[in-house]
Amino acid sequence: MAIRSLKTGSFSRSAQVGNQVIMPGSYESIATVTVGAGGQSSIVFSSIPSTFQHLQIRLFSKNTTDNGTIGMRYNSDSASNYSFHDLYGNGTAPGTLTAANQTTLFACLTGSTQAAVSVIDILDYADTNKFKTNRSLIGVDYNGSGYLWFSSGNWRSTSAITSITLNATFSQYTHAALYGVK
Amino acid sequence: MPAGMTYTPLAKTTINSATASSVVFSSIPSNYTDLIIVVSGKNTASGYGWGLQYNSDTAANYSWTMLEGSGTAVTSMRGGSTGLTGQSIYFAYNQGISDLLSYATVSIQNYSNTTTNKSALIRQNNPSSTTYPGLSAVVGIWRNTAAINSITLMVPGAGTTIASGTTLTLYGILAA
């Protein structure tokens, strides 16, 4: 049973008010995809409820190639409505790139010999007054090569995001989890 | 899934005296999907980073790639299977000044699976205005398919320990 602090108005999951406060339901798992034997060419999160403020995707990706890219689209929009800015390091030098009017966002690198991982935050995804912004931290390391990558992307649409499609050749053991943040 | 069970604090350590050079989270349950560690604090000496080890493995089974900005330069570096930097996942969590603490968030995904090597993403910032200011991120690999059941965070440099007041909190994230 949640206990509400009379002093702060905040809720605690435990009877000891003042402990780590985690509002029940403030970070919820919406859906999870685990790729089985045989792989698959895309991962789709559909029928995303509009009841959260932000979304987070936590991706652990195994693929058939190293250092490819995993694309991300919203609501099946394949038009040139995406753009992104990236900052990355390859272990010896930093780099940066930008791309406008793209048909997809950059969600993660691909990893074959090692899994690539990313955490993608999609802010105000259900707000119909804003274009949609994502912030991603991405990495893969192969013990002698690899990348650490920041990406910030934009979808020029005020539509609420109801589906997210990740496109790549995903191998077995890929794990993608979608969370809602209130 | 019951509301409020997705992001769960599992353990918290607060350093009360500057004599420890490592903190161990042990007996980590295997029923979560990802782990998050939030570190707030500093070392007792400047110039030393932190290391991350799993399951007490001190062999050269780790490698990492880093991107770091100091405010005047951006650099990228790597550590591999030779030397101290191959014996842990290194992240540059340097000395804070007075009450300027450094912060790091460690994300370990799919930590309990027994089929793949283990990956971690680390974001760190050090607001110190002296020698080692920085904003950095690291991706690290542990070349072992074992489930992670313990995590050691350490300051491996001689002459430095974890400063009193440093807190380290372990969370479990549960996917549907």
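Everything in this summary refers to the structure shown in the same document. Please read all numbers here as calculations on a predicted model, not as lab measurements.

### What to know about the sheet that holds strand E5 (residues 54-61) of chain A
Hydrogen bonds between backbone atoms are what pair the strands of a sheet, whose relative direction is either parallel or antiparallel. Residues and elements named next belong to chain A. If you walk across this open sheet you meet the 8 strands as E3-E14-E5-E10-E11-E12-E7-E8, and the pairing is antiparallel. The sheet is open, and its two edges are formed by strand E3 (27-34) and strand E8 (94-102), each paired on a single side. Strand-to-strand twist in this sheet, taken as the mean axis angle between neighbours without regard to direction, amounts to 15°. Where E5 lies against strand E10 (residues 116-123), 7 bridges are found, and the strand directions are antiparallel. Following the sheet pairing, Ile57 is matched in E10 by Ile120.

### Some remarks on the interface of chain A and chain B
Counting from both sides, the interface comprises 43 residues of chain A and, opposite them, 42 residues of chain B. Across the chain A/chain B interface, buried area totals approximately 3400 Å², and carbon plus sulfur atoms make up 61% of it. Applying the counting rule to chain A against chain B returns 2 salt bridges. Put simply, Arg78 of chain B and Asp141 of chain A hold a salt bridge, and the shortest N to O gap is 3.7 Å. Inspection of the chain A/chain B interface yields 14 residue pairs in polar contact (both at pLDDT 80 or more). Where the side of chain A that touches chain B is concerned, the elements lending two or more residues are E3, E5, strand E7 (82-89), E10, strand E11 (132-141), strand E12 (146-155) and strand E14 (175-181) of chain A.

### Description of the pattern of salt bridges
In this structure the tally under the stated criterion is 5 salt bridges over all chains. Salt-bridge contacts for Asp34 of chain B lead to Arg58 of chain A; the nearest nitrogen and oxygen are separated by 2.6 Å. Pair noted here: Asp34 of chain B is in strand E3 (residues 34-41) and Arg58 of chain A is in strand E5, and the two residues belong to different chains. In this structure, Asp34 of chain B and Arg58 of chain A share a single accessibility class: buried.

Quick notes on the rules
- Residues numbered from 1 in each chain as written.
- Chains lettered and ligands numbered in written order.
- Predicted model: local features only at pLDDT ≥ 70, side-chain atom pairs only at ≥ 80, totals over all residues.
- Heavy atoms only, no water.
- Pairing = 2+ DSSP bridges.
- Helix = DSSP H or I, 4+ residues; strand = E, 2+ residues; numbered from the N terminus.
- Axes fitted to C-alpha atoms, helices over the stretch in contact; angles between N-to-C directions.
- Contact = heavy atoms within 4.5 Å.
- Buried area = accessible area lost by both parts, 1.4 Å probe.
- Salt bridge = Lys/Arg side-chain N within 4 Å of Asp/Glu carboxyl O.
- Polar contact = N/O pair within 3.5 Å; in protein donor to acceptor, adjacent residues only side chain to side chain.
- Buried < 20%, exposed > 50% of the residue type's maximum accessible area, 1.4 Å probe, protein only.

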